[in-house]
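# Tertiary structure, described
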Number of protein chains: 4
Amino acid sequence: MTELRENCGIFGVYGHKDAARLTYLGLYALQHRGEESAGIVACNGKKVRHHTGMGLVGDVFDEKAIRSLSGHTACGHVRYSTTGSSEEKNIQPFLATLRRGHIAVAHNGNLTNALKLRREMERKGSIFQTTMDSEVIVHLIAKSGEKDNRHGIVEALSQLEGSYSLVLMLDDLLVGARDPHGFRPLCLGQLDGAHVLASESCALDLIQANYDREIEPGEIVFIDKNRVESTKPFPGRKHAMCIFEYIYFARPDSNVFGNSVYLTRKRLGRQLARECPADCDLVMPIPDSGNYAAIGFAEESGIPYEIGMIRNHYIGRTFIQPSQLVRDFKVRVKLNPIKDVLRGKRVVIIEDSIVRGTTSRIRVKTLREAGAREIHMRVSCPPLRHPCFYGIDFPTKKELIASNHPVEWIRDFIGLDSLEYLSLEGMLESMALPGNEFCTACFDGKYPIKHSKRLSKNMLFNLS
Amino acid sequence: MTELRENCGIFGVYGHKDAARLTYLGLYALQHRGEESAGIVACNGKKVRHHTGMGLVGDVFDEKAIRSLSGHTACGHVRYSTTGSSEEKNIQPFLATLRRGHIAVAHNGNLTNALKLRREMERKGSIFQTTMDSEVIVHLIAKSGEKDNRHGIVEALSQLEGSYSLVLMLDDLLVGARDPHGFRPLCLGQLDGAHVLASESCALDLIQANYDREIEPGEIVFIDKNRVESTKPFPGRKHAMCIFEYIYFARPDSNVFGNSVYLTRKRLGRQLARECPADCDLVMPIPDSGNYAAIGFAEESGIPYEIGMIRNHYIGRTFIQPSQLVRDFKVRVKLNPIKDVLRGKRVVIIEDSIVRGTTSRIRVKTLREAGAREIHMRVSCPPLRHPCFYGIDFPTKKELIASNHPVEWIRDFIGLDSLEYLSLEGMLESMALPGNEFCTACFDGKYPIKHSKRLSKNMLFNLS
Amino acid sequence: MTELRENCGIFGVYGHKDAARLTYLGLYALQHRGEESAGIVACNGKKVRHHTGMGLVGDVFDEKAIRSLSGHTACGHVRYSTTGSSEEKNIQPFLATLRRGHIAVAHNGNLTNALKLRREMERKGSIFQTTMDSEVIVHLIAKSGEKDNRHGIVEALSQLEGSYSLVLMLDDLLVGARDPHGFRPLCLGQLDGAHVLASESCALDLIQANYDREIEPGEIVFIDKNRVESTKPFPGRKHAMCIFEYIYFARPDSNVFGNSVYLTRKRLGRQLARECPADCDLVMPIPDSGNYAAIGFAEESGIPYEIGMIRNHYIGRTFIQPSQLVRDFKVRVKLNPIKDVLRGKRVVIIEDSIVRGTTSRIRVKTLREAGAREIHMRVSCPPLRHPCFYGIDFPTKKELIASNHPVEWIRDFIGLDSLEYLSLEGMLESMALPGNEFCTACFDGKYPIKHSKRLSKNMLFNLS
Amino acid sequence: MTELRENCGIFGVYGHKDAARLTYLGLYALQHRGEESAGIVACNGKKVRHHTGMGLVGDVFDEKAIRSLSGHTACGHVRYSTTGSSEEKNIQPFLATLRRGHIAVAHNGNLTNALKLRREMERKGSIFQTTMDSEVIVHLIAKSGEKDNRHGIVEALSQLEGSYSLVLMLDDLLVGARDPHGFRPLCLGQLDGAHVLASESCALDLIQANYDREIEPGEIVFIDKNRVESTKPFPGRKHAMCIFEYIYFARPDSNVFGNSVYLTRKRLGRQLARECPADCDLVMPIPDSGNYAAIGFAEESGIPYEIGMIRNHYIGRTFIQPSQLVRDFKVRVKLNPIKDVLRGKRVVIIEDSIVRGTTSRIRVKTLREAGAREIHMRVSCPPLRHPCFYGIDFPTKKELIASNHPVEWIRDFIGLDSLEYLSLEGMLESMALPGNEFCTACFDGKYPIKHSKRLSKNMLFNLS
C-alpha cells in the first residue's frame with residue numbers, strides 16, 4: 001500500500017549546543033512522514049534563525065545552512081506533498097514575532113475549527129499569510145490576555161478542536177503538546193542532559209538519545225533550563241489514537257503510543273493467518289510495508305516466507321517516464337518479481353491495507369506474468385471505508401475502493417484468486433493497548449468528534 | 001561611483017491578460033534598483049498567485065513561473081541586497097489575506113515610524129512574520145474600521161511617516177501612492193487600455209507602454225475596471241523629491257519626477273565645466289554612471305571626449321577572486337584603461353559622486369599605471385556628508401569620506417592632481433524643477449522630517 | 001557487505017525505434033554495477049549521437065537528452081567510482097571515428113595486457129585520450145588490416161588478454177562478446193523483434209524483453225538487420241566465471257551465467273546452516289545483500305527469520321556528516337536495529353561476505369546496544385584473501401582482513417560470540433554449474449591467467 | 001553589429017606557480033572571442049590536469065577547479081558557439097598522450113586541409129574522437145619521425161594549410177605559433193619572469209603582465225625553463241592579417257598585430273567623416289562596437305556626440321522571450337533609445353559593419369518610434385560580400401546582405417534616410433600597418449590561399 005501520505009513529522013530539542021544539527025538528524029529519521037518540504041528554527045535565547053525549503057531533508061539543508069542555525073534550542077518539521085501551487089509559504093515551522101517575543105510552531109494534525117477561528121480573527125483585523133493551522137495557533141497565543149507565556153499557551157490551545165501534536169518554541173522555552181484525544185503521537189527523550197521531542201522514537205534512535213515516554217493525550221510539557229514541567233489542563237476526552245500509525249504510517253523500528261510497531265505488525269500477521277488461512281506454497285510481502293505482517297503470517301501458518309519481489313533502490317524523482325514504451329512502468333520499476341521463485345507457485349501476498357487498489361492490480365499482473373499459478377491476498381486490517389479528518393490525507397470516499405464495493409468486487413478488480421481482510425476485532429486484539437483507546441473511524445465511521453460540516457483542509461482557502 | 005544601492009523598484013499592471021509577464025518585463029527594466037530578490041503577485045479577481053526568489057529577475061522567474069501567475073492584475077518588486085541571514089522572508093510584495101480579501105504590497109522607501117506602529121500592534125496581539133515596512137502597512141489596512149477598502153487604505157496610509165512609493169493590489173483593485181513629501185518616484189502609463197505603475201519610465205518603454213505622468217506627492221490612484229480615480233487626502237507637506245535619483249540612481253533613459261535623467265545629467269556636466277574648469281587634453285567618464293555628465297562637460301569645455309576605460313561585459317557574481325595574485329582585482333576587472341589613449345595625457349575624469357573614495361582611489365592608480373600624466377577629477381554633485389533615512393542605503397556617516405574630511409584630504413587620498421565638486425546651487429540650477437522641490441539632506445543635512453531618534457531600518461529587529 | 005564495487009554494467013539494442021530509451025532503462029536496472037557515471041551512444045545508421053555524464057543514470061539523462069539520441073541502435077555503460085580527478089574523459093562508451101566509420105565500445109572487465117598494447121601503439125604514432133581499456137580495443141580495430149569489419153573485430157579481440165564482456169556498435173552493426181574464460185556475464189534477449197544485450201537479465205525484465213540465453217565464453221555475436229550471427233573464433237580456454245557475481249554483485253532478481261541469483265543465494269544459506277549451525281533465537285540478515293542466504297539458513301535450521309535491522313530508504317549522497325556528534329553515523333544511518341526484536345535474544349547474522357570487517361564491527365556494536373545477548377555471524381562464502389585482476393575493485397591484499405588474519409582474530413575484531421565461513425567446497429556445491437566453471441581466485445589465489453607482473457589498472461597511467 | 005562570432009581565444013603561461021589561475025584570468029579577458037565553452041590544461045612537468053566545460057569562463061571554473069589545476073605551465077581556450085549537438089567533445093584544448101608524453105593544443109583559426117590530412121591518417125588506422133583541427137595537429141606531431149619534440153612540431157606544422165594561431169603545451173615546454181600568412185593574432189608578454197602567450201593584449205593587462213611583442217607570421221616560439229627560442233622555419237608567404245580584428249572582433253582596449261584597436265577605430269571614424277559626411281544634429285554609435293568610430297566621426301565632423309541608446313547590463317541567457325507580447329523584444333531589450341535626446345533630431349548612426357541588416361532594421365525602427373526625424377547611417381568598413389575561410393564564422397554568402405544587394409536596397413531595407421560605407425582604400429589608409437599586410441577577402445573576394453574546393457568546417461564531418 002503505497003498510496004497514502006501521512007501529514008507531518010515534528011521534532012524539537014532544548015538545551016544542546018548542536019540543537020539544529022540534532023533536529024536535522026531527527027527530521028531525517030522522520031522523513032517518511034513528509035517528503036515535500038522541511039524546515040528548522042533555532043534559537044540561542046535571543047536571536048532566531050530559520051531555514052526551510054521544498055524537498056527532502058537532505059536536499060533542503062547543507063552544512064552551511066545547519067551551521068547558520070546556531071543556538072541551544074531548535075524545532076523542525078517535515079510535511080507531506082499537497083497540490084497547491086505556492087506551497088513555499090506553507091512550510092513549517094511557522095515563525096512570527098509577537099509581544100511575547102519570537103514563536104515557532106510545528107504542527108502534526110488537523111484542527112477541525114481552524115477556519116472558524118480564522119474568520120473570527122480576520123473580522124477583528126488580523127492578517128494571515130498562510131493557510132496553515134499553525135498560523136491560527138500563533139494568532140491565538142498572541143491574542144491571549146494572559147501575561148505569562150505558559151498560561152497564554154494553555155488558553156490558546158483550549159480553543160482548539162481536532163487533532164494536534166505540537167512542538168512550540170519560544171525564546172527560551174520548548175513546549176510539547178498532544179490534543180486530549182491523543183490522535184497523533186509525540187514522545188519525549190533525553191540526550192546528554194538535553195530534552196528531545198519527536199513524532200516517533202526512531203528519531204531518538206538515530207541521534208542515540210534515550211526514549212523516556214510518550215506524551216499523554218491532553219498533556220502539555222514545558223521544557224526550560226530548570227525542568228520539564230507537565231500539565232494536563234483540559235477536561236478528559238475519549239482517547240482516540242490513530243490505529244493507522246501501527247498499520248502503515250510509522251516506521252517499523254519506531255515505538256509509537258508506547259509500543260513497538262514491528263511487533264504489532266507481526267501480531268497482525270499472526271492473527272490474519274488464524275482468521276484467514278490460505279493453502280499456498282509461499283507467503284510473500286509487498287515490500288516494505290507488508291514485510292512484518294508477512295513474517296508473522298508465515299510463522300503462524302507454517303508456509304515458507306519468500307521475497308517474491310525485489311525493491312529497486314535507485315528510484316529517483318527525476319526518472320523519465322517511458323509511458324508508451326513500457327506499460328505501468330512507474331509501478332513496475334519499483335519492484336521486480338523473481339521469476340524463478342514464483343514460477344508455477346500458489347502465492348499468498350500480505351498487504352498492510354488497500355486504498356484505491358490500482359497499484360495492487362498492477363502488482364498482481366506482474367506476478368502472473370512472472371509465472372505465479374494462484375495469487376491470494378490477505379490484508380492486515382479491515383476494509384478502509386471512511387475519510388479521515390484528523391490529519392491523514394486519505395483519498396475522498398469516492399476513491400476508497402472499499403467504500404463503494406464489496407470484497408468480491410475488489411478481488412476481481414485486482415485479479416486475485418481470493419482476498420480476505422482482517423476483522424476489526426482481530427485488529428484491535430492484536431494491539432498492545434485496549435481497543436477503546438483507538439480511533440477506528442476510517443474503518444467503521446465512528447468519528448470521535450462531532451462535525452457540523454465536514455470540511456477537508458484543502459477546501460478551506462483560496463490563498464495559493 | 002559604484003558603492004551605493006537603491007532600495008527598491010516597484011511595478012503594477014491592471015487590466016491586461018498578460019499582467020504578470022508585463023510585470024516581469026517591468027521588473028527587468030528596473031533591475032538596477034534592486035539586484036537581490038524579486039517577486040510578483042498576480043490575481044484574476046479571485047485567486048492570488050505569487051512567485052518570489054533571491055537573485056536577479058531573470059534567475060528568479062522562468063517560463064513556467066510566469067505562466068502560473070495568471071490573472072489580469074499583477075504587482076512586482078525588486079530589492080537591493082541586505083546583510084541579514086534569512087532574507088527570503090523579506091522578499092516583497094508582502095502578501096496576506098484579511099477580511100477584505102487578499103492584499104499584496106510593494107513598497108519603495110523607508111517608514112520612519114514603522115517600529116513604533118509595530119510595537120503598538122504587537123501589544124494588542126498582532127503577530128509579525130517579517131521585518132518589512134510593508135507588513136506594517138498591511139496590518140494597518142486590516143485593522144482599519146472603515147468598511148470600504150479605499151477608505152481603509154487612506155486611513156492606514158494617514159498613519160505612516162517617512163518615505164513611501166507604493167503599489168498595492170487587492171482582489172480587484174490596483175493602487176498607487178506616493179507619500180506627501182514625494183521622496184521616491186512613481187509614474188503612470190498605459191498599454192492597450194491597461195494601466196501601468198512603475199518606479200521609472202524605462203519600465204514603460206520596455207513594454208512599449210505610453211508614459212502618462214508622474215503620480216504627485218501625496219496622491220493616491222485607485223485603478224479598477226471602470227476608471228483611474230485620483231485623490232489627495234492628506235495635508236500638504238513640503239515636497240522633498242530625492243535629487244539623488246537624478247545624480248546616480250535612475251537609469252539615464254528614464255524620466256523620473258517628470259524629467260529626463262539623461263538631459264539633467266548633461267546639464268550637471270555643463271554646469272560643472274563652468275564652475276570647475278580643468279586644463280586637460282581629454283575628458284573621460286567613469287563608465288557608465290559618469291558618461292552623460294562627461295559629455296556635457298566636454299561640450300561646454302571644448303576638451304575632447306574619450307572613453308579612457310573599457311567596461312568588461314562579462315562580470316558575473318561567481319567570479320573567483322585572485323586576491324593575492326592581482327592587487328585590487330575586483331575593481332580592475334570591471335574597467336580596463338586604454339593605454340594608447342592615456343599615455344602622457346592630462347586627463348579630467350567626470351564622476352557622478354564619491355561615497356567612500358576607495359574605488360576611485362584604485363581607478364586613479366590604474367590610470368596612472370596606464371601612463372596618464374595628470375589626473376583631475378570633477379564631481380557632478382556636492383560632497384556627500386549625511387546619511388539618508390528615506391530609503392537609500394548610504395554607508396554610515398563614518399564611512400562617508402566627505403563627512404569626515406576636507407576636499408584636499410580626499411584629493412590626496414584618491415591620488416589626484418586636483419579635485420572639485422559641483423556646488424549645491426549649481427546642482428539645483430541644473431534641475432528642470434525648482435530647487436525647493438528636492439530633498440538635499442545627504443548634502444546639507446536639512447532633513448524634511450523631524451526625527452526624535454534616528455534609527456536605521458537594520459537596527460530595528462532581531463528577527464533576521 | 002557494502003564495501004565492494006563492481007566495475008561496470010553494459011547494455012545494447014539493435015533494431016528498435018526507441019533504442020536509446022530502452023538503453024536508458026537497461027542502464028537504470030544495471031545501476032548497482034556502477035554508480036559513478038553513465039553514457040549512451042545511439043546511431044541511426046548514419047549519424048551517431050552520444051550523451052554521457054558523471055552520476056546516476058537518472059541524473060545524467062533527462063527527457064531532452066534521451067530524445068536527442070535518435071536511431072534504432074544504441075549501447076550504454078555504467079561505471080563504478082574511481083579516485084582519479086579527470087574522470088569525465090573516462091566515461092564509456094568510448095566513441096571514435098575511423099576509416100570503418102563510427103565505433104562505440106562499452107567494456108566490462110579488465111585487460112591484463114592493455115598497457116603493453118598501448119605502449120606499442122604509441123611508439124608507432126598513436127595518440128591516446130583516455131586511460132580506458134576500451135580505447136585500446138578501438139585502436140586495435142582501427143589498425144586491423146582486415147577489410148571486413150567483422151574480421152577486423154575478431155583480429156583485434158584475438159590480441160586481448162584478461163577479462164572482457166563487450167558491447168560494440170558500428171554504423172549498422174551491434175556486437176556482443178565475452179572473453180574465452182567467460183569472467184564477466186553478458187546475456188541476449190529479444191523485444192518486439194529487436195535484439196538486446198545486457199550484463200544481467202534484470203535489465204531485460206525492466207523493459208519486458210524476453211531472455212534468450214547467456215553469451216558463451218569466447219563467443220562473439222554480430223547483430224545486424226538480417227540476423228544474429230554467432231562465432232567462436234578463439235582457442236578454448238578454461239572457463240572461469242566470476243563466482244562473486246552470485247555471492248554479492250548481481251541483483252537477486254537476475255539470472256547470470258544462466259542461473260537464478262536468488263535461488264543460488266538461498267542454497268548457499270541452506271548449505272551454511274548445515275555446515276555451520278548456530279544455537280540461536282533468531283536468524284537475521286544484514287539487508288539487503290544477506291536477505292536470501294538468511295532465508296535459506298532459517299528454513300534449513302528452523303530458527304525464526306526476523307528483520308532485525310531496518311533499512312533507511314532516504315540515504316542520499318549529499319547527507320551532512322555529523323561525525324563528532326554521532327559516532328559511526330555514516331553506517332548507523334543506513335540500518336536501524338529493532339530493539340524490541342533483539343532485546344535479550346541470541347542472534348545469528350547472515351553476511352554474504354566480509355571485506356575489511358569495519359562496517360560489520362559497527363553493525364555488531366549497534367546490535368549489542370540494542371540489547372542482543374549473543375551475536376553469531378555466518379558468512380555465505382569462504383574468507384576473501386586475494387585481489388582480483390579481472391574487474392572487481394577489491395581493496396588491496398593489505399586491506400582484505402582475511403588475507404592477514406585468522407578467523408578467530410576477525411571474530412574478536414568484529415566483536416562476535418562466534419564466526420564461521422562457508423567452505424570452498426560447500427560454496428561450489430551450492431552452484432547450479434559445475435565447480436570448475438568458476439574463477440575462485442579471490443578465495444584460493446588460483447588465477448586462471450598467468451601474470452608476469454600484476455598491475456592494477458590505477459597504476460598504469462599518469463594522465464588525469 | 002552583433003551578428004558575428006569570432007572563433008576562438010587562446011592563452012598560455014610558462015613558469016609561474018599560479019599558471020592555471022593566470023590562464024583563467026586571461027581567458028576571462030578573452031571571453032568576447034568565444035562564449036560557448038572554455039578549457040584549461042595545466043602541467044607540473046609530470047602530471048597533467050585539465051578542466052573544461054560548456055558556458056562562460058566564470059561558469060565553467062570555480063575555485064576548486066582552479067586549485068586542482070596545479071603546475072607551473074598552463075594553456076587555455078575559449079570557443080564560440082556552434083550548432084552541433086554533442087559539443088562537449090569539441091572543447092579545447094585538445095589533450096592526448098603519445099610517446100612524447102602529454103600534449104595539449106589550443107587552436108585559433110581554420111585549417112583548410114584538415115579533412116584531407118584526417119582521411120589519410122584514418123586510412124592508416126588512426127582513430128579520431130572529435131571534429132577539431134587541433135586533433136589533426138596532435139596526430140601529425142605523434143606521427144612525426146623526428147625524435148626531438150621541437151623538430152617534430154615543426155615537421156607537423158609544415159603540413160598545415162590555412163590559418164592557425166596556436167598554443168601547444170608539452171610536458172615541460174610551451175609553444176606559440178602563427179601561420180605564415182599571420183591571419184590570426186598572438187602576442188607575447190611577461191609577468192614576474194614567467195612568459196605569457198595571448199590572442200590579445202587585454203589578457204596581459206588583466207593579469208598585469210608586460211606586453212613584449214606580437215608573434216610574427218610564420219614564427220614559432222619554444223618556451224622552456226632556459227629561454228624563449230624563436231624560429232621561422234617555413235618559406236615566407238604574403239602576409240594576410242585579418243583586418244576584421246580591427247573593425248569588430250578585438251577588444252578596443254587591446255593591441256593586436258602590434259597596434260591599438262581603439263585608435264584604429266577612431267581613425268576609421270575620422271576617415272568616414274571625411275569620405276561620407278552627414279548634415280545632422282547629433283552623432284550616435286550603436287553601443288558598444290560603434291563607440292570609437294563614432295567619437296572619431298564626431299571630432300572630425302564637429303557634430304555633437306550623444307549616447308542615443310542605453311545598453312541594458314542585465315541581459316542574461318535565461319531570459320524569457322515574450323515574443324508575441326512585445327515585437328522584436330530580443331533586440332529591443334538590449335538597447336533602449338533616449339526619447340528626450342532623439343525627439344525631432346536628425347541623427348547619424350555609426351556602425352562598425354553590417355552583416356544581415358536585420359538587427360539594424362529593428363534599431364532604426366525603435367529610433368524612429370523614439371522620435372528621430374532623420375536617420376542616416378555611416379559604416380566604418382566597406383560592404384561585406386564574401387565568406388571567410390580562415391576562422392570567422394560569417395553567415396553564408398546568401399545571408400550576407402551586401403553580397404546580394406546594392407547599397408540603395410540595403411538603405412531601404414533598413415529604413416534609413418541615407419547609408420554610406422567607408423571605401424576599401426579609406427579603410428586601409430586608416431590602418432597603422434601597410435595595406436598589403438592584410439587579408440581583405442571578405443570585402444573584395446581576393447583570398448590569399450587558393451582553394452580547390454571551398455569547404456566550411458561544419459560540412460566536414462558527421463560525427464556529433
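Just so it is clear, the structure is predicted and the values come from calculations on it, not from any experiment. (Residues numbered from 1 in each chain as written. Chains lettered and ligands numbered in written order. Predicted model: local features only at pLDDT ≥ 70, side-chain atom pairs only at ≥ 80, totals over all residues.)

Let us now look at the overall build of chain A. Summing up its helical and strand segments, chain A has 17 helices and 23 strands in all. In terms of overall size, chain A behaves like a compact globule, its C-alpha atoms giving a radius of gyration of 23 Å where 464 residues would be expected to give roughly 23 Å. When its C-alpha atoms are laid out on the principal axes, chain A stretches across 70 × 45 × 40 Å. Buried residues in chain A amount to 59% of all 464 residues. For chain A, the share of sequence-separated contacts (at least 6 apart) that also reach a separation of at least 24 residues comes to 71%. (Helix = DSSP H or I, 4+ residues; strand = E, 2+ residues; numbered from the N terminus. Rg over C-alpha atoms; globule rule 2.2 N^0.38 Å. Buried ≥ 20, exposed ≤ 12 C-beta atoms within 10 Å, placed from the backbone. Contact = placed C-beta atoms within 7 Å.)

With that settled, consider the arrangement of the chains. At no point do chain B and chain C touch; the closest pair of C-alpha atoms across them sits 17 Å apart. No part of chain A reaches chain D; the closest C-alpha pair between them is 17 Å apart.

Residues and elements named next belong to chain D. Taking strand neighbours across the sheet as the criterion, the 7 strands line up as 3-2-4-1-10-9-11 in an open arrangement whose pairing is antiparallel. Strand pairing shows two members of the sheet lacking a second neighbour, strand 3 (48-54) and strand 11 (210-214), which therefore form its edges. Sheet twist, expressed as the average angle between the axes of neighbouring strands with direction ignored, equals 15 degrees. Pairing geometry for strand 1 (residues 8-14) and strand 4 (residues 73-79), over 7 bridges, is antiparallel. Of the residues in strand 4, the one forming a bridge with Phe-11 is Gly-76. Here helix 1 (residues 19-29) sits on the sheet and contacts strand 1, strand 2 (37-43), strand 4 and strand 10 (194-198); the angle it forms with strand 4, its principal contact strand, is near 25 degrees. (Pairing = 2+ DSSP bridges. Axes fitted to C-alpha atoms, helices over the stretch in contact; angles between N-to-C directions.)

Attention shifts here to the relation of the copies chain B and chain D. Note on the copies: chain B fits chain D at an RMSD of 0.1 Å, the axial shift is 0.0 Å, and the rotation between them is 180 degrees. Viewed as a symmetry operation, the transformation between the two copies matches a two-fold axis. Within chain B, His-313 of chain B has its C-alpha nearest the rotation axis, a separation of 3.8 Å. When the interface residues of chain B are mapped onto chain D, 100% of them are again interface residues, pointing to one common binding face. (Least-squares fit on C-alpha atoms with pLDDT ≥ 70 in both.)

Another point: the confidence of the model for chain A. Residue and element names in this part refer to chain A. Chain-level statistics for chain A give a pLDDT mean of 90 and a share of 92% at 70 or above. Below pLDDT 50 for its whole length, residues 82-86 participates in 9 contacts with residues either more than four positions away or in separate chains. Scored below 50 in pLDDT, residues 453-464 makes 19 contacts in the model with residues more than four places away or belonging to other chains. Of the two predicted TM-score estimates for the complex, the pTM is 0.86 and the ipTM is 0.91. (pLDDT = per-residue confidence, 0-100.)

Moving on: unusual backbone geometry. Each neighbour pair has its own omega, and for Pro-287 of chain A with Asp-288 of chain A the value is -10 degrees, a cis peptide bond. Tracing the chain through its elements places Asp-288 of chain A in the loop between strand 17 (282-285) and helix 10 (291-301). Positive phi, normally seen in glycine, also occurs at Asp-192 of chain B, with a value near 50 degrees. Within the secondary structure, Asp-192 of chain B sits in the loop between strand 9 (187-191) and strand 10 (194-198). Among the residues examined, Asp-192 of chain B registers 13 C-beta atoms within 10 Å and is labelled partly exposed. Positive phi outside glycine occurs at Phe-257 of chain D, with the angle close to 50 degrees. Structurally, the position occupied by Phe-257 of chain D is in the loop between strand 15 (255-256) and strand 16 (259-260). What makes Phe-257 of chain D buried here is the crowd of 25 C-beta atoms within 10 Å.

One frequently used descriptor of interface size is the decrease in accessible area upon assembly of the parts. Contact residues are listed per partner, giving 45 residues for chain C and 45 residues for chain A. At the level of secondary structure, the elements contributing two or more residues to the side of chain C that touches chain A comprise helix 1 (19-29), helix 2 (57-60), helix 3 (63-68), helix 7 (202-206), helix 9 (261-275), helix 10 (291-301) and helix 12 (339-342) of chain C.

Further remarks concern the packing of helix 5 (residues 133-143) of chain B against helix 6 (residues 149-157) of chain B. All names here are of chain B. Direction vectors running N to C along helix 5 and helix 6 enclose 130 degrees, while the axes themselves pass 8 Å from each other. Taken together, the axis directions place helix 5 and helix 6 in an arrangement best described as oblique. In this structure, helix 5 meets helix 6 at a crossing whose hand is right-handed. Counted together, Ile-137, Leu-140 and Ile-141 of helix 5 and Gly-152, Ile-153 and Ala-156 of helix 6 form the full contact between these two elements. Its residues assigned to classes, the contact of helix 5 with helix 6 shows 5 nonpolar, 1 polar and no charged. (Parallel < 35°, antiparallel > 145°, perpendicular 65-115°, else oblique. Left-handed = near helix turned anticlockwise from the far one by under 90°. Nonpolar A, V, L, I, M, F, W, Y, C, P; charged D, E, K, R; others polar.)

Residues and elements named next belong to chain D. Of all 11 residues making up helix 10 (residues 291-301), 9 are buried, and the element is well covered by its neighbours. Those residues of helix 10 that sit buried are Asn-291, Tyr-292, Ala-293, Ala-294, Ile-295, Gly-296, Phe-297, Ala-298 and Ser-301. Where helix 10 is buried, its residues touch helix 9 (261-275), strand 17 (282-285), strand 20 (346-351) and strand 21 (374-379). Within two residues after helix 10, Gly-302 carries a phi angle of roughly 80 degrees, on the positive side.

A word on the sheet that holds strand 7 (residues 162-170) of chain C. Residues and elements named next belong to chain C. An order of 5-6-7-8-12-13 is seen for the 6 strands of this open sheet, with the pairing classed as antiparallel. The outermost strands of the open sheet, each flanked by one partner alone, are strand 5 (94-98) and strand 13 (228-231). Sheet twist, expressed as the average angle between the axes of neighbouring strands with direction ignored, equals 20 degrees. The pairing of strand 7 with strand 8 (residues 173-178) spans 6 bridges and is classified as antiparallel. Its bridge partner lying in strand 8, Leu-168 is registered against Val-175. Each of strand 5 and strand 6 (101-111) is contacted by helix 5 (residues 133-143), which is oriented at about 130 degrees to strand 6, the strand it contacts most. Where helix 6 (residues 149-157) meets the sheet, it contacts strand 7, strand 8 and strand 12 (220-223), and its direction lies at approximately 25 degrees from that of strand 8.

A word on the interface of chain B and chain D. Each side of the interface is counted separately: chain B has 45 residues, and chain D has 45 residues. Mapped onto the side of chain B that touches chain D, the elements with two or more residues apiece are helix 1 (19-29), helix 2 (57-60), helix 3 (63-68), helix 7 (202-206), helix 9 (261-275), helix 10 (291-301) and helix 12 (339-342) of chain B. No other element matches the 4 residues that helix 1 of chain B contributes to the side of chain B that touches chain D. Residue classes in the side of chain B that touches chain D are distributed as 26 nonpolar, 8 polar and 11 charged.

This paragraph deals with the packing of helix 9 (residues 261-275) of chain A against helix 10 of chain A. Residues and elements named next belong to chain A. In contact at an axis separation of 7 Å, helix 9 and helix 10 are set at 45 degrees when each is read in the N-to-C sense. With respect to helix 10, the axis of helix 9 lies oblique. Crossing of helix 9 over helix 10 shows right-handed handedness. Residues Tyr-262, Arg-265, Lys-266, Arg-267, Leu-268, Gly-269, Arg-270, Leu-272, Ala-273 and Arg-274 of helix 9 form the contact with helix 10, whose own contacting residues are Tyr-292, Ala-293, Ala-294, Ile-295, Gly-296, Phe-297, Glu-299, Glu-300 and Ser-301. In terms of residue class, the contact of helix 9 with helix 10 is built from 9 nonpolar, 3 polar and 7 charged.

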